[in-house]
Amino acid sequence: MTIVDTTAELTARESELLARVPDGLFIGGRWEAGTREQIQVQDPATGRVIKRIANASPEDGMRALDAAVAAADEWAATAPRVRGEILRRAFDLLQERRDDFALLMTLEMGKPLAEANGEVTYGGEFLRWFSEEAVRISGRFGQNPEGTGTMVVSHRPVGPSFLITPWNFPLAMATRKIAPALAAGCTVVVKPAELTPLTTLFFAQLLTDAGVAEGVVNVIPTSTARTVSEPIIADPRLRKLSFTGSTPVGRSLLAQAGQNVLRTSMELGGNAPFVVFEDADLDKAVEGAMLAKFRNIGQACTAANRFIVHESVAEEFARRVTAKVEALRIGRGTDDGITIGPLIDDRAVASMSALVEDAVTRGARVLTGGNAPEGDGFFFEPTVIVDVQPGSELLREEIFGPILAISTFSTEDEAVAAANSTEYGLVGYVFTRDLARGQRMIDRIDTGMMGLNTGLVSNAAAPFGGVKQSGLGREGGLEGINEYLSTKYTLIPA
Ligand code: NAD
């Protein structure tokens, strides 16, 4: 693999873009400076601070909730067509500002520019999809079985919603929540991850330009997520909590939400199995592996975590992925031809080193990579590691980085048992040419999503979400808007 120097200063274009990104809290349609020490946002490719922004206090958080509550009735009463058209305008504006959003995500999160562009497309699709869904919120109507009355089932916006997003997809994780909430008629308070708040602030400005009224969307970056979130979640005026992030934080939020019996959606961690059978098209499997493992530098909840490969093809599969991995170019995501950017911070780098060390101590072999290169930024070499032994941390933990870990199996039952041996159940990938076997895997692997002969499943038109400890609820698809609607049944006697 080639490692490119990352000591770049900001270019004029980068400085000009960063200067246009708001640096305040967005509450009730106004930008506020905040009263606490600012959050310093870093470029993970250089470790340098690229912008300082306002840091919400618990009081700011409550004022954001006040604003969302104050705007709730009017937004809920806004015609679905009008809500849809505002979202459609937001989609169009995002296309116009595509280059800015892509560059901003690369600067604050590190992903290569081509991938950031892909995220603008993916994230934008939620705006388009839910602009179309806003006018299709329907109900049911029918005679009751006894013949004594009419049953009417209708849907109402659930009410003010609190949306907490992670750093790994700064735009898409925000649009995947904001778009269905607004389409359903809910107002929102958004708390972006403190490591990547700039994209959400820039997006709040875009929503205002698209015609979103004061108080409908409020954004409160903060360095103290827990102390700002707790009083919001405890407030009985809040009606919905939607969280994307790690399973441990999700568990704690569910416990808090239990106090007020709050509606929740939880998009939590993953530990995806990637199963390659002996009859798989190996070229397709290798291509799928590169996408499922190294997209977003391995920092995706859908990232393939455990490569479970039939013993008869494991060596060849490892040889071919290693050749591909060695051709990757590591560096600052803004530079031409870079395919692997930095990890999000130094803790992530330390965690990769520890995972490799643990696996090697237990008998695994590193075929390529395995180290953090010297120099600026939070880089870790893309790594292929084979003979990973049962009990290794690499198999238990969500890796969240560029380590491709291979273990082997001999029978189909063994593959299924290995795939399901985790408390997570977000997505699974299976490669086989045998359709009947593929169908059996769809039925037997315990996940909310499956990719059959593909390494990428996400689509705004499909329900995204997990089973087991990967979460509750679905985002996207026909299902996504239901997370922000409550069902009302009315009986009208004959
Ligand atoms: P994280 O759980 O550390 O943080 C997620 C968000 O929660 C951030 O905004 C953070 O500030 C906030 N947060 C942290 N502690 C909090 C608390 N006590 N109260 C309120 N908010 C709190 O996760 P992360 O490191 O930002 O993201 C990576 C994780 O997200 C991975 O586990 C990944 O699998 C998961 N993820 C899941 C999906 C999905 O759709 N299932 C998508 C993307 C990421």
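Given the structure is predicted, the values throughout are model-derived calculations rather than measurements. (Residues numbered from 1 in each chain as written. Predicted model: local features only at pLDDT ≥ 70, side-chain atom pairs only at ≥ 80, totals over all residues. Heavy atoms only, no water.)

1. With respect to the overall build of the protein chain
Stage number 1. The secondary structure content of the protein chain amounts to 15 helices and 24 strands.
Stage number 2. Its C-alpha atoms give the protein chain a radius of gyration of 23 Å, within 12% of the compact-globule value 23 Å for 494 residues.
Stage number 3. Buried positions account for 56% of the 494 residues belonging to the protein chain.
Stage number 4. For the protein chain, the share of sequence-separated contacts (at least 6 apart) that also reach a separation of at least 24 residues comes to 74%.
Stage number 5. Element-wise, carbon and sulfur atoms account for 50% of the exposed surface of the protein chain, whose accessible area totals about 19,300 Å².
Stage number 6. Distance between charge centres in the protein chain, computed from 48 positive and 63 negative side chains, equals 5 Å. (Helix = DSSP H or I, 4+ residues; strand = E, 2+ residues; numbered from the N terminus. Rg over C-alpha atoms; globule rule 2.2 N^0.38 Å. Buried < 20%, exposed > 50% of the residue type's maximum accessible area, 1.4 Å probe, protein only. Contact = heavy atoms within 4.5 Å. Areas by Shrake-Rupley, 256 points an atom, 1.4 Å probe, with all protein chains shown as cover. Lys, Arg positive; Asp, Glu negative; His and termini not counted. Charge placed at Lys NZ, Arg CZ, Asp CG, Glu CD.)

2. What about the domain arrangement of the protein chain?
Stage number 1. Here the protein chain is described as being made up of domain 1 (9-268 + 470-490) and domain 2 (272-459).
Stage number 2. With centres defined by C-alpha atoms, the gap from domain 1 to domain 2 works out at 30 Å.
Stage number 3. Facing the 29 residues of domain 1 at the interface are 29 residues of domain 2.
Stage number 4. Of the roughly 2,300 Å² buried between domain 1 and domain 2, counting both surfaces, carbon and sulfur atoms make up 58%.
Stage number 5. Applying the counting criterion to the domain 1 and domain 2 interface returns 2 salt bridges.
Stage number 6. The salt bridge partner of Glu14 is Arg332, with a shortest N-O separation of 3.2 Å.
Stage number 7. The tally of links between domain 1 and domain 2 comes to 10 residue pairs in polar contact (both at pLDDT 80 or more).
Stage number 8. Taken together, the elements giving at least two residues each to the side of domain 1 that touches domain 2 come down to β4 (39-43), α4 (98-109) and α5 (113-133).
Stage number 9. In terms of residues, the side of domain 1 that touches domain 2 owes the most to one element, α4, which gives 5 residues. (Domains from an automatic or database assignment. Buried area = accessible area lost by both parts, 1.4 Å probe. Salt bridge = Lys/Arg side-chain N within 4 Å of Asp/Glu carboxyl O. Polar contact = N/O pair within 3.5 Å; in protein donor to acceptor, adjacent residues only side chain to side chain.)

3. Topic: the environment of Ser265
Stage number 1. Turning to its location among the elements, Ser265 is positioned in strand β12 (residues 263-267).
Stage number 2. Taking the relative accessible area as the measure of exposure, Ser265 reaches 2% and is therefore buried.
Stage number 3. A sequence separation of 102 residues divides Ser265 from Leu163, and the C-alpha atoms of the two residues are 9.5 Å apart.
Stage number 4. With residues up to four places along the chain from it excluded, the contact list for Ser265 reads Lys240, Leu241, Ser242, Phe243, Leu472 and Glu483.
Stage number 5. Within the structure, Ser265 has its side chain in polar contact with the side chain of Lys240 (distance 2.5 Å).
Stage number 6. Within the structure, Ser265 has its side chain in polar contact with the side chain of Glu483 (distance 2.4 Å).

4. Digging into the pattern of salt bridges
Stage number 1. Counted by the stated rule, this structure contains 33 salt bridges.
Stage number 2. When the shortest N-O distance is used, the salt bridge between Arg226 and Glu230 registers 3.1 Å. Taken together, the residues span about one helical turn, with Arg226 and Glu230 both in helix α8 (residues 225-234) at a distance of 4 residues.
Stage number 3. Owing to a relative accessible area of 54%, Arg226 belongs among the exposed residues under this scheme.

5. A closer look at the site of the ligand
Stage number 1. Close to the ligand lie 29 residues; Thr165, Arg176, Glu194, Ser246 and Glu398 are nearest.
Stage number 2. Contact between the ligand and Thr165: an oxygen atom at 2.6 Å from a main-chain N or O atom of the residue.
Stage number 3. Taking Leu268, its main chain carries an N or O atom lying 2.7 Å from a nitrogen atom of the ligand.
Stage number 4. Notes on the ligand: free accessible area 840 Å², of which the protein chains cover 88%.
Stage number 5. The set of elements that each furnish at least two residues to the shell around the ligand consists of α6 (172-184), α8, β11 (240-244) and α9 (247-259).
Stage number 6. With 3 residues, α8 is the single largest residue contributor to the shell around the ligand.
Stage number 7. Tallied by class, residues from the shell around the ligand come to 15 nonpolar, 8 polar and 6 charged. (Near = heavy atom within 4 Å. Nonpolar A, V, L, I, M, F, W, Y, C, P; charged D, E, K, R; others polar.)

6. Regarding the pairing of strand β13 (residues 272-276)
Side-chain positions along a regular strand alternate between the two faces of the sheet.
Stage number 1. Of all 5 residues in β13, 5 are buried, a share of seventy percent or more.
Stage number 2. On β13, burial covers both faces: Ala272, Phe274 and Val276 on one face and Pro273 and Val275 on the other are all buried.
Stage number 3. The sheet contact formed by β13 and strand β14 (residues 304-310) spans 5 bridges and is parallel. Pairing of Val276 across the sheet is with Val309, part of β14.
Stage number 4. In this view, the connection linking β13 to its parallel neighbour β14 by way of helix α10 (residues 282-294) has right-handed handedness.
Stage number 5. The sheet contact formed by β13 and strand β20 (residues 427-431) spans 3 bridges and is parallel. (Pairing = 2+ DSSP bridges. Right-handed = clockwise from strand over helix to strand, strands pointing away.)

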